[in-house]
Amino acid sequence: MKNLREDAFRIIKSSIDSVLPEKAIQQELENLSLDDNIHIVSIGKAAWRMAKAAKEFLKNKVKDGIVITKYGHSQGDIGGLQIYEAGHPIPDENTIKSTKKAIELVENLREDDVVLFLVSGGGSALFELPVEGVTLEDIKNVTDMLLKSGANIVEINTVRKHLSRVKGGNFAKLVEPAKIYSLVLSDVLGDRLDSIASGPAYPDSTTIKDVEKIIKKYDLQLSEKILQALKNETPKHLNNVETRIIGSVTKVCESAAKIAQHLGYNTIILTTTLDCEAKEAGSFLAAIVREEKERERPLKTPCAIILGGETVVHVRGKGKGGRNQELVLSAARGIKEYQEVLIASVGTDGTDGPTDASGGIVDGETVNRLQEKGIDVEKVLIDNDSYNALQSIGGLVITGPTGTNVNDLTFILCD
Ligand SMILES: Nc1ncnc2c1ncn2[C@@H]1O[C@H](COP(=O)(O)OP(=O)(O)OP(=O)(O)O)[C@@H](O)[C@H]1O
Ligand SMILES: O=C(O)[C@H](O)CO
Ligand SMILES: [Mg+2]
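Per an unreviewed UniProt entry, the protein chain goes by the name glycerate 2-kinase and belongs to Petrotoga mobilis. Per UniProt, the protein chain has the following entry under Catalytic activity (unreviewed entry): "(R)-glycerate + ATP = (2R)-2-phosphoglycerate + ADP + H(+)". Turning to the protein chain, the UniProt record has this under Sequence similarities (unreviewed entry): "Belongs to the glycerate kinase type-1 family."

Chemist: How would you summarise the side chain of D349 if you had to cite specific residues and measurements?
Modeler: Mapped onto the secondary structure, D349 falls in the loop between β9 (341-347) and β10 (359-363). Those residues in contact with D349 that lie beyond four places of it in its chain are K45, G400, P401, T402, T404 and N405.

Chemist: How would you sum up the UniProt feature "domain: MOFRL" (unreviewed entry) in the protein chain? Please name residues and give values.
Modeler: Under the UniProt annotation, "domain: MOFRL" (unreviewed entry) lies at residues 303-408. For residues 303-408, helix accounts for 29% and strand for 21%, while the C-alpha atoms at its two ends are 20 Å apart.

Chemist: Describe in detail the domain arrangement of the protein chain, supporting the description with residues and values.
Modeler: Partitioning the protein chain into domains gives domain 1 (4-15 + 250-414) and domain 2 (20-247). Each of domain 1 and domain 2 was reduced to a C-alpha centroid, and the two centroids are 30 Å apart. Here domain 1 and domain 2 share an interface that buries about 1,500 Å² over both sides, 56% of which is from carbon and sulfur atoms. When the buried area of domain 1 at its contact with domain 2 is split by residue, G403, N405 and N407 rank highest and sum to 31% of it.

Chemist: Lay out the layout of surface pockets with the relevant residues and their values.
Modeler: Reported here for the second largest pocket is a volume of approximately 200 Å³. Taken together, 13 residues form the lining of the second largest pocket, with S18, L20, K23, A24 and K251 sitting closest to its centre. For the lining of the second largest pocket, the secondary structure elements donating two or more residues are α2 (21-32) and β6 (241-247). For the lining of the second largest pocket, the element with the most residues is α2, which contributes 5 residues.

Chemist: So, helix α1 (residues 4-17): which residues are in play, and what are the values?
Modeler: The end-to-end C-alpha distance of α1, which contains 14 residues, comes to 20 Å, matching closely the 20 Å that a straight helix rising 1.5 Å per residue would cover. Within α1, burial applies to L4, D7, A8, I11, I12, S15 and I16. Burial along α1 is one-sided: seen end-on, the buried residues are contained in an arc of 155°. In this structure, the buried side of α1 is in contact with α11 (249-262), β9, β10, β11 (396-397) and β12 (408-414).

Chemist: I'd like a description of the state of the cysteines, backed by residues and values.
Modeler: Scanning all chains against the criterion turns up 0 disulfides. Of all cysteine sulfurs in the structure, the one in C276 sits closest to C253, which takes part in no disulfide; the separation is 15 Å. C414 carries a free sulfur, and the closest cysteine sulfur to it, the one in C303, is 4.7 Å from it.

Chemist: Could you give me a rundown of the pairing of strand β8 (residues 303-309), with the residues and numbers involved?
Modeler: Among the 7 residues that make up β8, 7 are buried, leaving the element largely enclosed by the rest of the structure. Residues C303, I305, L307 and G309 of β8 are buried on one face, and the alternating residues A304, I306 and G308, pointing to the opposite face, are buried as well. Judged from the 6 bridges that link them, strand β7 (residues 266-274) and β8 form a sheet pairing that is parallel. Note on β8: the bridge partner recorded for I269 is I306.

Chemist: Tell me about the site of ligand 2, and please be specific about residues and values.
Modeler: Within the structure, ligand 2 sits among G121, G122, G123, S124, I153, N157, R160, D187, V188, I196, A197 and S198. In this structure, an oxygen atom belonging to ligand 2 sits 2.8 Å away from a side-chain N or O atom of N157. About the coverage of ligand 2: the protein hides 92% of its 230 Å² of free accessible area. For the shell around ligand 2, the secondary-structure elements that each account for two or more residues are α5 (123-126) and α7 (153-161). No other element matches the 3 residues that α7 contributes to the shell around ligand 2. Of the residues in the shell around ligand 2, the class split is 4 nonpolar, 6 polar and 2 charged.

Analysis parameters
Residues numbered from 1 in each chain as written. Chains lettered and ligands numbered in written order. Predicted model: local features only at pLDDT ≥ 70, side-chain atom pairs only at ≥ 80, totals over all residues. Heavy atoms only, no water. UniProt positions renumbered as here; feature names shortened; annotations may be inferred. Helix = DSSP H or I, 4+ residues; strand = E, 2+ residues; numbered from the N terminus. Contact = heavy atoms within 4.5 Å. Domains from an automatic or database assignment. Buried area = accessible area lost by both parts, 1.4 Å probe. 1 Å grid on protein atoms, 1.4 Å probe; cavity = no way out; pocket = protein on both sides within 12 Å on 5 of 7 lines; lining within 4 Å. Points joined across faces, edges and corners; volume = space filled by probe spheres on them. Expected span 1.5 Å × (residues − 1). Buried < 20%, exposed > 50% of the residue type's maximum accessible area, 1.4 Å probe, protein only. Arc of directions from axis to C-beta. Disulfide = S-S within 2.5 Å. Pairing = 2+ DSSP bridges. Near = heavy atom within 4 Å. Polar contact = N/O pair within 3.5 Å; in protein donor to acceptor, adjacent residues only side chain to side chain. Areas by Shrake-Rupley, 256 points an atom, 1.4 Å probe, with all protein chains shown as cover. Nonpolar A, V, L, I, M, F, W, Y, C, P; charged D, E, K, R; others polar.

Spelled out as structure tokens, the structure:
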């Protein structure tokens, strides 16, 4: 008989290891063979690790550089680079302060200078300087509203780009006449480069008209001042950028499948673009488990059914949680009392929502165990309080910041 929990942790660890940035960065830099005069600007949750890998490879070809990452996501000096931590998912004073430092670093560069721009998810919150007339307080309010609206990341970033002096290609404009090479870890489904970290160095495909549609669709209550500011159009053409994607959720799923196979599971990747409401994804996964348990379909057991993507949560309650935790808890409702089954879901960055967990694991006993503690799953889901519920029964997955960020991995193990 298999130890599903132990296997789940192995799958999580090894598949995340496969998308750590070091190897990919080294390979790209070998191909690029850059000259001297390199300036590193690294933003996002994986910024520290990406910058470290680049600096170790390029050594003293690097003139200077800056890292802007989330609190708790940097791990000390990287030979002479400025290192900053700032607010995420809501930007704060340190976001603005460090973004100004990055602009100082690039604004007087010459044509023979090169900016190596290392981009990972989280960059939208960590790299920001609002357009004239818009304050940090405004940005915080708009960000909070967008995150809770149920809008997807492409929609959220469409709005953010039109309020920013660095997003939506504007950073590349500030770097001119120097050239930018962007290496990107994708945490946006479909790898839309103008959405990842709000595309600071990529021509923006979204327009003021798109912003207007999103405001209407989600009934966003914005002040007259913000509505005016949103009329700034973003650059649609850039002449100084070259961009490459170095990691994505597809890779994580493929690695997870390989490891599961190696551990003796029949394996299938169902999708790499799961993007519905977390609770609904949970119900869907439970339905798949029931099919497995009753009819061994679509795979003979033992089996691993793997999904990648990024669900959304319409946060209405006052509880603590994240989309992965909410997904598994919702799934737990539909697999009650089944034996030898487990559902896991984690954010590859190690952070699920504003919590210190990367996700959660549930099984057929989860709902009963919660009941014994007097916790009603339906109520927990209404309160968006998945963290506290899962914590009380040892159902959290805690990895700490991983150094990478390529969406979420979800899987079922059945024996
Ligand atoms: N109590 C809660 N329960 C469930 N989900 C929540 C809760 N509070 C916030 N969230 C969700 O957490 C998400 C933000 O957390 P997280 O840091 O994992 O996002 P992210 O998309 O990985 O960030 P980024 O893309 O910038 O790296 C929001 O989309 C929000 O819907
Ligand atoms: O920072 C962001 O905008 C998201 O993580 C998507 O890249
Ligand atoms: Mg995340």
